[in-house]
Amino acid sequence: MYLKAKYLPQAVQLTTLADSTWALPLDAAPQAFFYRKDLFEKAGITTPPKTWDEYRADAQKLKAADPKTRIGTFFPDDPSPFEAFSWQAGAHWFATSGDAWKVDIDSPETNRVGDYWQKLVSDDLVRLHPSFSQQWTASLQKGETAGYLGAAWGGGVLKSSLATTPEASGKWAVAPVPTWDGSPASGMLGGSTFAVSKNSRKAEAAVEFATWATTTPEGIKARIASGTSSMYPAAPALVPVAKAAFNTDFYGGQDIYSVFTDAAKSIEPDWQWGPVMGVTNNELKDAFGKLGQGGTIEAGVDAAQKGTVAGIENRGLKVAP
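If you're wondering where the values come from, they're calculated on a predicted model, not measured in any experiment. (Residues numbered from 1 in each chain as written. Predicted model: local features only at pLDDT ≥ 70, side-chain atom pairs only at ≥ 80, totals over all residues. Heavy atoms only, no water.)

K.L.:
How do you make sense of the overall build of the chain when you look at a structure like this?
P.N.:
Regarding its fold elements, the chain presents 13 helices and eleven strands. Against the compact-globule benchmark of 20 Å for 321 residues, the chain has a radius of gyration of 20 Å, which places it among compact chains. Counting only C-alpha atoms and orienting by the principal axes, one finds that the chain spans roughly 60 × 45 × 35 Å. Put simply, the chain has 321 residues, and 49% of those count as buried. Summing over all exposed atoms, the chain offers an accessible surface of approximately 14900 Å²; the carbon and sulfur share of this is 52%. (Helix = DSSP H or I, 4+ residues; strand = E, 2+ residues; numbered from the N terminus. Rg over C-alpha atoms; globule rule 2.2 N^0.38 Å. Buried < 20%, exposed > 50% of the residue type's maximum accessible area, 1.4 Å probe, protein only. Areas by Shrake-Rupley, 256 points an atom, 1.4 Å probe, with all protein chains shown as cover.)

In structure tokens, the structure reads:
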């Protein structure tokens, strides 16, 4: 209980199953919106979008100002952003009922998210590039992609991706991720933990190291010593340590950790991952990979629901009706 009190409650939930702790969280990953201030201003947009309706309107303005510019990217090879958007919208893909799993991937909340992004894709308001690919990086370097919906760790990724584009430095800013009604809400896009295998011969030492790495200033400093990581510690008391270690010149000196902190407080609670996420993700990736070629996000959601149920049952586990 002493250790649990140091971490974000949402991070503790994700490392707890059946009242047992299975890992110690290192970093949480609240969502954030990274955007090019100059490109937004060129399109007559003075503030970043607070709602998903405003995000779509801004996408139209950016494209109208420059037909080559898009507001962001839908990654067809990586379903994790879509999962975070669904989480943010209030979806709960998995739950347990007694000794059975409940699967609700094709929920109204998820379908709302899917319909929204399908329209953005169909109307050519976002790009379809593989995640963190050369195409994605090139479009950022050329100013043809004006935004990135990522997580706290994305601040370092974006900065590193554009390290060879010095003219981009100082032009990027960070804002809260848009929400459906404008009220703060976030999912979690990633995150990392330390876990010790049951048959480890050094379990006690490993747990001691994991505790040091996740709950002490020295541990966090060691993790981000390279200066490229913008991780958000799962232990909120260590946020000042991470903030001091990350140079924000690329973001014009903005206090980006204040954005991450507010987002972390708004992470929707009670999200649970399922027992066959490899199956779930593969079904989504297979369908998303066909976007722009007749495939749809809806088809991916339907396939993920059916494939996940079958995958759980194939492992001899129960699925609640």
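Structure shown, so let's carry the discussion forward.
K.L.:
What should I look at first to understand the environment of K6 in this one?
P.N.:
Within the secondary structure layout, K6 lies in the segment before α1 (9-14). Using a relative accessible area of 29% as the deciding quantity, one classes K6 as partly exposed. Taking C-alpha positions, K6 is 7.6 Å from A237, a pair spaced 231 residues apart along the chain. When near neighbours in sequence (up to four residues on either side) are disregarded, K6 contacts T215, A234, A235 and P236. (Contact = heavy atoms within 4.5 Å.)

K.L.:
Looking at this structure, how should I read the pattern of salt bridges?
P.N.:
Side chains that differ in sign of charge can pair as their charged atoms come close. Scanning the model with the defined rule gives eight salt bridges in all. With a shortest N-O distance of 2.7 Å, R36 and D38 are connected by a salt bridge. Salt-bridge contacts for K243 lead to D255; the nearest nitrogen and oxygen are separated by 3.2 Å. In this pair, K243 is assigned in helix α10 (residues 239-245) and D255 in the loop between α10 and α11 (256-265), connecting sequence segments twelve residues apart. Accessibility expressed as a relative area gives 40% for K243, which makes it partly exposed. Classification of D255 as partly exposed rests on a relative accessible area of 32%. Residues joined in a network through salt bridges with shared partners are R36, D38 and K171. (Salt bridge = Lys/Arg side-chain N within 4 Å of Asp/Glu carboxyl O.)

K.L.:
Before we go on, may I ask you to explain the side chain of T248 in this structure?
P.N.:
Within the secondary structure, T248 sits in the loop between α10 and α11. Apart from the residues lying within four places of it in its own chain, the contact partners of T248 are G253, Q254 and I256.

K.L.:
How do you make sense of the nonpolar core when you look at a structure like this?
P.N.:
The nonpolar side chains of soluble globular proteins are, as a tendency, buried together. Within the largest apolar cluster, 87 residues are counted, with the highest numbers of intra-cluster contacts made by Y55, W117 and L158. Setting aside its immediate chain neighbours within four residues, L158 contacts F34, W136, L140, Y148, W172, F250 and Y251. (Core = buried A, V, L, I, M, F, W, Y, C linked by side-chain atoms within 4.5 Å.)

K.L.:
In this structure, what is going on with the packing of helix α3 (residues 52-65) against helix α5 (residues 108-122)? I would like to understand it.
P.N.:
A pair of packed helices is characterised by two quantities: the angle between their axes and the separation of those axes. Two elements in contact, α3 and α5, have axes whose closest approach is 12 Å; the angle formed by their N-to-C orientations is 5 degrees. Here α5 runs roughly parallel to α3, going by the angle between their axes. Contacts from W52, Y55 and R56 of α3 reach α5 at Y116, W117, K119 and L120. Each residue belonging to the contact of α3 with α5 can be placed in one class, and the counts come to five nonpolar, no polar and two charged. (Axes fitted to C-alpha atoms, helices over the stretch in contact; angles between N-to-C directions. Parallel < 35°, antiparallel > 145°, perpendicular 65-115°, else oblique. Nonpolar A, V, L, I, M, F, W, Y, C, P; charged D, E, K, R; others polar.)

K.L.:
Explain the packing of aromatic side chains here, please?
P.N.:
Think of a pair of aromatic rings as described by two things: how far the centres are apart, and how the planes are tilted against each other in angle. Applying the stated criterion across every chain yields a total of 34 aromatic pairs. Residues W52 and W117 carry aromatic rings whose centres are separated by 6.1 Å and whose planes lie at 70 degrees to one another, so their mutual orientation is edge-to-face. You can see W52 sitting in helix α3 and its partner W117 sitting in helix α5, a full 65 residues away along the chain. You can call W52 buried: its relative accessible area is 2%. (Phe/Tyr/Trp six-rings, centres within 6.5 Å; stacked < 30°, edge-to-face > 60°.)

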